[in-house]
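# Residue-level structural notes
The chain contents come next:
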Amino acid sequence: MSKITLYTVHPSRGNNVRWMLAECGADYDTVALDYPQLKEADYLAINPMGKVPALTHGDTVLTETVAILTWLAERYPEKALIPPAGSDARGEYYRWLCFALHLEYAAIDRKRAIENSEEVRLAIGYGDFDTAFAALQERLRGREYLIGDRFSALDLYYSGLLAWLIHRVQVLPADAVYLDYMQRHLARPAHQRAVALDEALLAEMG
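Nothing here was measured: the structure is a model prediction, and the numbers come from that model. (Residues numbered from 1 in each chain as written. Predicted model: local features only at pLDDT ≥ 70, side-chain atom pairs only at ≥ 80, totals over all residues. Heavy atoms only, no water.)

### Remarks on the nonpolar core
- Among the nonpolar cores identified, the biggest contains 59 residues, and Met20, Leu72, Phe133, Leu136 and Tyr158 are the most heavily contacted of them.
- In terms of residue count, the dominant contributor to this core is helix α7 (residues 153-168) (10 residues).
- Not counting residues up to four positions away in its chain, the partners in contact with Tyr158 are Trp96, Phe99, Ala100, Leu103, Leu136, Leu146 and Tyr181.
- Leu33, Ile46, Val52 and Ala54 belong to the second largest nonpolar core, which has 8 residues in total. (Core = buried A, V, L, I, M, F, W, Y, C linked by side-chain atoms within 4.5 Å. Buried < 20%, exposed > 50% of the residue type's maximum accessible area, 1.4 Å probe, protein only. Helix = DSSP H or I, 4+ residues; strand = E, 2+ residues; numbered from the N terminus. Contact = heavy atoms within 4.5 Å.)

### Brief notes about the pattern of salt bridges
- Under the criterion given, the structure shown has 11 salt bridges.
- With its nearest N and O atoms 3.2 Å apart, the salt bridge here joins Asp198 to Arg18. You can see Asp198 sitting in helix α9 (residues 189-205) and its partner Arg18 sitting in helix α1 (residues 14-24), a full 180 residues away along the chain.
- Taking relative accessible area as the criterion, Arg18 reaches 4% and is therefore assigned buried.
- In this structure, the salt-bridge partner of Arg139 is Glu92, at a minimum N-O distance of 2.7 Å. Linking Arg139 in helix α6 (residues 129-140) with Glu92 in helix α4 (residues 88-111), this pair joins segments that are 47 residues apart in sequence.
- Several salt bridges share partner residues, and in doing so they unite Lys3, Asp27 and Asp29 into one network. (Salt bridge = Lys/Arg side-chain N within 4 Å of Asp/Glu carboxyl O.)

### A few points about the sheet that holds strand β1 (residues 4-8)
- A sheet is described by the order of its strands in space; here 4 strands give the open sequence β2-β1-β3-β4, paired in mixed fashion. Lying at the two open borders of the sheet, with one neighbouring strand each, are β2 (28-32) and β4 (60-63). Neighbour-to-neighbour, the strand axes of the sheet open up by a mean angle of 20°, direction not taken into account.
- Judged from the 5 bridges that link them, β1 and β2 form a sheet pairing that is parallel. Among the inter-strand pairings, Ile4 is bridged to a residue of β2, identified as Tyr28.
- Sitting on the sheet, α1 touches β1, β2 and β3 (54-57), and the angle it makes with β1 is about 155°.
- Where helix α3 (residues 65-75) meets the sheet, its contacts fall on β1, β3 and β4, and the angle it forms with β3 comes to roughly 40°. (Pairing = 2+ DSSP bridges. Axes fitted to C-alpha atoms, helices over the stretch in contact; angles between N-to-C directions.)

### Observations regarding the pairing of β4
- Relative to β4, β3 runs antiparallel, the two sharing 4 bridges. Bridging from a neighbouring strand, Ala54 pairs with Thr63 of β4.
- Linking two consecutive strands that pair antiparallel, namely β3 and β4, is a turn of 2 residues; a positive phi of about 65° is found at Gly58 within it.

### Here's the deal with the environment of Asn47
- Topologically, Asn47 is positioned in the loop between α2 (41-44) and β3.
- Since its relative accessible area comes to 3%, Asn47 is described here as buried.
- Linking Asn47 and Ala67, residues 20 residues apart in sequence, is a C-alpha distance of 14 Å.

### Some thoughts on unusual backbone geometry
- The amide bond that connects His10 to the next residue, Pro11, takes the cis arrangement and shows omega of 0°.
- Examined against the element boundaries, Pro11 turns out to sit in the loop between β1 and α1.
- Following Val52, the chain continues to Pro53 via a peptide bond in cis, the omega torsion being 5°.
- Mapped onto the elements of the fold, Pro53 is located in the loop between α2 and β3.
- At Glu64, a position not held by glycine, the phi torsion is positive, near 75°.
- You can see Glu64 is positioned in the loop between β4 and α3.
- Unusually for a residue other than glycine, Ala80 sits at a positive phi of about 50°.
- Of note, Ala80 is situated in the loop between α3 and α4.

See below:
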């Protein structure tokens with residue numbers, strides 16, 4: 001039976017996939033890379049974009065964090081990390097999964113000090129930074145989970161995204177709504193195990 005292999009760099013978006021693998025209790029191998037190796041031919045054969053994370057399972061190659069998280073959630077249905085297929089809740093899952101991509105692009109544009117014209121705001125998916133993040137903040141206010149009444153792969157992704165935007169990219173304020181939501185999920189045992197694995201990997205690579 002084919003084994004899952006994670007290709008990652010620490011720190012990177014691969015940290016979120018490591019966390020998801022821990023939530024799933026998955027048996028997997030890790031290929032630890034450094035950033036220069038991402039542009040070498042061996043890795044470009046896996047992901048021509050030269051980005052991590054990537055996941056392989058037999059002949060299947062998965063890239064893009066949201067795709068990997070969703071695939072894993074579906075592969076381990078007993079963990080209930082995604083709503084049932086065909087349900088209204090699954091539709092809501094897809095909505096907020098895609099919305100997260102708008103948030104990332106909006107944040108990078110803000111970091112680059114790009115101010116879009118009204119014409120561009122009408123055309124671009126996220127509209128404008130303030131509107132996009134106001135929508136997220138309103139969604140999170142008073143909620144323990146982004147959708148439904150239990151932890152899902154969405155909460156994992158959004159918690160990692162918020163931590164990145166607040167602490168690394170530094171385009172979001174450390175607002176209580178964001179922090180309460182994010183810190184609740186980052187305290188999960190699976191996340192702590194994933195962090196320990198990544199730190200051990202970094203120490204091993206020197």
